[in-house]
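# A closer look at the structure
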Amino acid sequence: MSEASLSEPLTVARTPRRWWRGACLALAAMATAVGVGWVTYTVGFNAAVDGIRGNAVHRLDLYGASIEREINKFADYPYVMGFDATVRALLIDPENDHLKDLVNTYFQKLNSRIGTLDVYLLNRDGRVIASSNFDQPTSFVGRDLSYRPYYRNARVDRVERFFGIGTTDKLPGYFLATALHEGANVLGVGVVKVSLDQLEKSWASVESPAILSDEHGVVMLSSVPGWKFGALAPLSPEARRQIVAAQQFNDRDLAPIGVTVLKRLDGQTQIVRLPEGQTDSAFSTGGLYLAESRAMAETPWQLTVYTNLGEANDMAGLQAALGGLATLAVFGLWATWRQQRRHRREQIAAQIALQQAHDNLEGLVAERTSELSQSNERLKLEVGERLRAEATLREAQTGLVQAGKLAVIGQLSAGIAHELNQPLAALGTLAGNAVKFLERGDTATVQTNLQRIQPLVDRMGRLTGELKTFARKSSGEPQRAELPRMLDDALFLISHRIARGPVSVERDIPARLPAVRCDPNRMEQVLLNVIGNALDAMEGQTRQVLSLTARAEGDRLLFEVADSGPGIADDKIDAIFEPFYTTKAPGVGLGLGLAISAGILRDIGGQLTARNAAGGGAVFTMVLPIWNGES
């Protein structure tokens, strides 16, 4: 027996053990490198964050001091209003027109002198009886502001603070209010409205974002304009109820601005991710940030400054990568040394294995070639069967769509015959009269009759033309189509049903509506099915209103058909798109209209859905792909 034969079992036995040992060593190296990198990253990142927090606290001190300084300039003016004898006299006698004129003029001068937005006076019922803007179209005089928290919470010898958007002038501002009294008797409330726009503008020039938020988390001031009047987190129903009751933000949406909290370091410090895309500020707002917050004195508000952690994160990542690479390098040197030792032993085994592999390869190639040839023949047969099945299915679908068209034409036939009978009867009458007038020599009347005949012929021609176009068997290939034109053609075909109702048609179709990608002929079939169902649902109703609405959303166009009928039973909505399902009487309809329509829209990448409207009736929504210039 040869030496190669003796060594072969030993080599085969050792190969799995060697492979597993190498895999375990590689996994251990990777795990160690990852662990070293993670520890290096954590230590480096935390050290950088500790240094950044000191700077963030300093910025909080500066911003907090500037806010307090700006507000405190005006904090005493509500008290000053109560020292004026004319103001107190007006609160005692609020119907005195002479006193109103004096106080209005006084407030106007005071407002101009101190640089506030507005100065005004509320009586004990919360109604404005004097204001600095008394002579402006947005005057507050006479308005009931009793719903505002600064009125409800006003106390003697205390300034109530409130931030909100004016319900009259629509301007945001900071409200300072105090109760005005005569001894122990509260006479009214003095209010000063201050603009913080200049303070907010000064924030826009700093190197990173800063915000001031209220107790509900709504951003009142921001160095990023796009965040203003947004929410740090989704608002609870109770918070929204309180905001609406106080009309604090004047029906603003208060949508979340997209701040994601990644880690809480303590009660006032967080690591967050800010949303991308804020291009209206002086700096980029996307990425990793340190959020340092502080409660404002005498208010439930929070002042927050954000510091970009991108550089610290990158540096920590670089340090982690270097640590991991160094660990892998040590393992690599050790593995190289071991590999060189093993390489000499494996050369002899490799030569033997190579010869054996060469001998076996020729046999395997021949065997595998035969198997592949057989598999290829089987695959060709399967592909042919699949293509034939797809062609048969496509023909069946086309036939079903055409059958649906013929069913629609059958439903329209009676109305179309009526539409043709009226012009034909008019043509007969006008033609007979023309003959008689021609015999009398009255050519002017004959000409008038012939001129009346032409519109009737045109209408019958258009009706038969539309019907012929609709009945044509289409290929189903999508192309560029205009929804308003297809809608006009469909409404023309069922105009007799609309007039018979009578049905009031309300259209909200923009003039510049993008083209859609569909087969126009099949799309008209969908429109006729859905609008026809809406007319059926409203039949016999006292009020029959058909609403047609279209709008573009991204790369889709949404078209809604709403009726004033009884709507769809909740337990039937999911079943109406099933084949042969119908709620009509036996013999009226096949129950295929909506199933075919949904299939047509699905074939072009669209969708057909149904729901009940809040005010009654059903709403069918068609989602159509917008034409992108490609066939």
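Residues numbered from 1 in each chain as written. Predicted model: local features only at pLDDT ≥ 70, side-chain atom pairs only at ≥ 80, totals over all residues. Heavy atoms only, no water.

### What to know about the overall build of the protein chain
- Secondary structure summary: the protein chain contains 13 helices and 18 strands in total.
- Taken across its 631 residues, the protein chain has 40% of its residues classed as buried.
- Split by element, the accessible area of the protein chain, about 35100 Å² in all, is 56% carbon and sulfur. (Helix = DSSP H or I, 4+ residues; strand = E, 2+ residues; numbered from the N terminus. Buried < 20%, exposed > 50% of the residue type's maximum accessible area, 1.4 Å probe, protein only. Areas by Shrake-Rupley, 256 points an atom, 1.4 Å probe, with all protein chains shown as cover.)

### Points about the side chain of threonine 269
- Relative to the assigned elements, threonine 269 resides in strand 9 (residues 269–274).
- The exposure class assigned to threonine 269 is buried, which follows from its relative accessible area of 0%.
- Leaving out residues up to four positions away in the same chain, threonine 269 has contacts with Arg53, Arg264, Leu290, Ala291 and Glu292. (Contact = heavy atoms within 4.5 Å.)

### Remarks on the sheet that holds strand 6 (residues 210–213)
- In space, the six strands of this open sheet follow the order 7-6-11-10-9-8, with antiparallel pairing throughout. Two strands bound the open sheet, and with one partner strand each, they are strand 7 (219–222) and strand 8 (260–266). Strand-to-strand twist in this sheet, taken as the mean axis angle between neighbours without regard to direction, amounts to 25 degrees.
- Relative to strand 11 (residues 302–308), strand 10 (residues 287–295) runs antiparallel, the two sharing seven bridges. Looking at strand 11, one finds that alanine 291 is bridged to tyrosine 306. (Pairing = 2+ DSSP bridges. Axes fitted to C-alpha atoms, helices over the stretch in contact; angles between N-to-C directions.)

### With respect to the side chain of threonine 168
- Within the secondary structure layout, threonine 168 lies in the loop between strand 3 (160–165) and strand 4 (172–182).
- Among the polar contacts made by the side chain of threonine 168, one reaches the side chain of arginine 143 at a distance of 2.6 Å.
- Filtering out sequence-adjacent residues up to four positions away, threonine 168 remains in contact with Thr138, Ser139, Phe140 and Arg143. (Polar contact = N/O pair within 3.5 Å; in protein donor to acceptor, adjacent residues only side chain to side chain.)

### Topic: the packing of helix 12 (residues 520–538) against helix 13 (residues 593–603)
- The interhelical angle for the contact between helix 12 and helix 13, taken along N-to-C directions, is 140 degrees, at an axis separation of 9 Å. With respect to helix 13, the element helix 12 is oriented oblique. Seen from above, helix 12 lies across helix 13 with left-handed handedness. Of the residues in helix 13, those in contact with Arg522, Met523, Gln525, Val526, Asn529, Val530 and Asn533 of helix 12 are Gly593, Leu594, Ile596, Ser597, Ile600 and Leu601.
- Of the residues in the contact of helix 12 with helix 13, the class split is seven nonpolar, five polar and one charged. (Parallel < 35°, antiparallel > 145°, perpendicular 65-115°, else oblique. Left-handed = near helix turned anticlockwise from the far one by under 90°. Nonpolar A, V, L, I, M, F, W, Y, C, P; charged D, E, K, R; others polar.)

### Quick notes on the packing of aromatic side chains
- Within the structure shown, the criterion is met by 11 aromatic pairs.
- For the pair phenylalanine 162 and phenylalanine 175, a centre-to-centre distance of 5.9 Å together with 45 degrees between the ring planes defines the contact as tilted. Taken together, the residues phenylalanine 162 in strand 3 and phenylalanine 175 in strand 4 connect sequence positions 13 residues apart.
- The class for phenylalanine 162 is buried, based on a relative accessible area of 7%.
- When its relative accessible area of 2% is taken as the criterion, phenylalanine 175 is described as buried.
- Put simply, the rings of Tyr150, Phe162 and Phe175 pair up and form one aromatic cluster. (Phe/Tyr/Trp six-rings, centres within 6.5 Å; stacked < 30°, edge-to-face > 60°.)

### A few points about the packing of helix 3 (residues 85–92) against helix 4 (residues 97–114)
- Between helix 3 and helix 4, the shortest axis-to-axis distance is 9 Å and the interhelical angle comes to 135 degrees. Our classification of the angle between helix 3 and helix 4 gives oblique. For the pair helix 3 and helix 4, the crossing hand works out as left-handed. Residues Thr86, Val87, Ala89 and Leu90 of helix 3 pack against Leu99, Lys100, Leu102, Val103, Tyr106 and Phe107 of helix 4.
- For the contact of helix 3 with helix 4, the residue count by class is eight nonpolar, one polar and one charged.

### Focus on a negative patch on the surface
- Taken together, Asp93, Glu95, Asp97 and Asp101 make up a surface patch of like negative charges.
- Counting through the fold element by element, aspartate 93 comes out in the loop between helix 3 and helix 4. (Patch = residues over 30% accessible without salt bridge, like charges linked within 9 Å, V, L, I, M, F, W, Y side chains within 5 Å. Salt bridge = Lys/Arg side-chain N within 4 Å of Asp/Glu carboxyl O. Lys, Arg positive; Asp, Glu negative; His and termini not counted. Charge placed at Lys NZ, Arg CZ, Asp CG, Glu CD.)

### Some details on a nonpolar patch on the surface
- Side chains of Met30, Met315, Leu318, Leu322, Leu325 and Leu328 sit close together on the surface and give an oily, nonpolar patch of about 570 Å² of accessible area.
- It is helix 8 (residues 310–440) that provides the largest number of residues to the nonpolar patch, a total of five residues.
- When you line up the elements, leucine 322 lands in helix 8.

### A word on the pattern of salt bridges
- Under the defined criterion, the tally for this structure stands at 15 salt bridges.
- In this structure, arginine 507 and aspartate 488 form a salt bridge, with 2.8 Å as the shortest nitrogen-oxygen distance. With a gap of 19 residues between them, arginine 507 in strand 13 (residues 504–508) and aspartate 488 in helix 10 (residues 483–493) connect regions that are remote in the sequence.
- With a shortest N-O distance of 3.8 Å, arginine 556 and glutamate 553 are connected by a salt bridge.
- It is possible to trace a salt-bridge network through shared partners that takes in Arg551, Glu553, Arg556, Glu560 and Arg611.

### Some thoughts on the pairing of strand 17 (residues 607–612)
- Pairing between strand 17 and strand 18 (residues 618–625): six bridges, direction antiparallel. Across the sheet, the residue bridging to arginine 611 is valine 619, located in strand 18.
- With antiparallel pairing between neighbouring strands as the criterion, strand 17 and strand 18 make up a hairpin whose turn holds five residues, including glycine 616 at a positive phi of roughly 110 degrees.

### Regarding helix 13
- Within helix 13, eight of the 11 residues are buried, leaving the element largely enclosed by the surrounding structure.
- Burial in helix 13 covers these residues: Leu594, Ala595, Ile596, Ser597, Ala598, Gly599, Ile600 and Leu601.
- Where helix 13 terminates, the next one or two residues include glycine 605, which has phi positive at roughly 85 degrees.

### Some words on the sheet that holds strand 15 (residues 545–553)
- Taken together, five strands build an open sheet; the order of strands is 13-15-16-18-17 and the sheet is mixed. The open sheet is flanked by strand 13 and strand 17, the only strands paired with a single partner. Neighbour to neighbour, the strand axes of the sheet diverge by 15 degrees on average, direction disregarded.
- Against the sheet, helix 10 contacts strand 13, strand 15, strand 16 (556–563) and strand 18, and its axis sits at roughly 175 degrees relative to strand 13.
- In the packing of helix 13 onto the sheet, contacts are made with strand 17 and strand 18, and the angle to strand 17 comes to roughly 130 degrees.

### Observations regarding helix 10
- Counting buried positions over the 11 residues of helix 10 gives eight, a clear majority of the element.
- Within helix 10 the residues assigned to the buried category are Leu483, Met486, Leu487, Asp489, Ala490, Leu491, Phe492 and Leu493.

### With respect to unusual backbone geometry
- Despite not being glycine, lysine 170 has its phi angle at roughly 60 degrees, a positive value.
- Position of lysine 170 relative to the elements: it lies in the loop between strand 3 and strand 4.

### Some thoughts on the environment of alanine 85
- Tracing the chain through its elements places alanine 85 in helix 3.
- Looking at alanine 85, the relative accessible area reads 48%, which means it is partly exposed.
- Along the chain, alanine 85 and valine 103 lie 18 residues apart, while their C-alpha atoms are 9.9 Å from each other.

### Quick look at the confidence of the model for the protein chain
- Per-residue pLDDT for the protein chain has a mean of 81; in total, 82% of the residues score no lower than 70.
- With pLDDT under 50 throughout, residues 2–8 is counted as low confidence; its partners more than four residues away or in other chains account for four contacts. (pLDDT = per-residue confidence, 0-100.)

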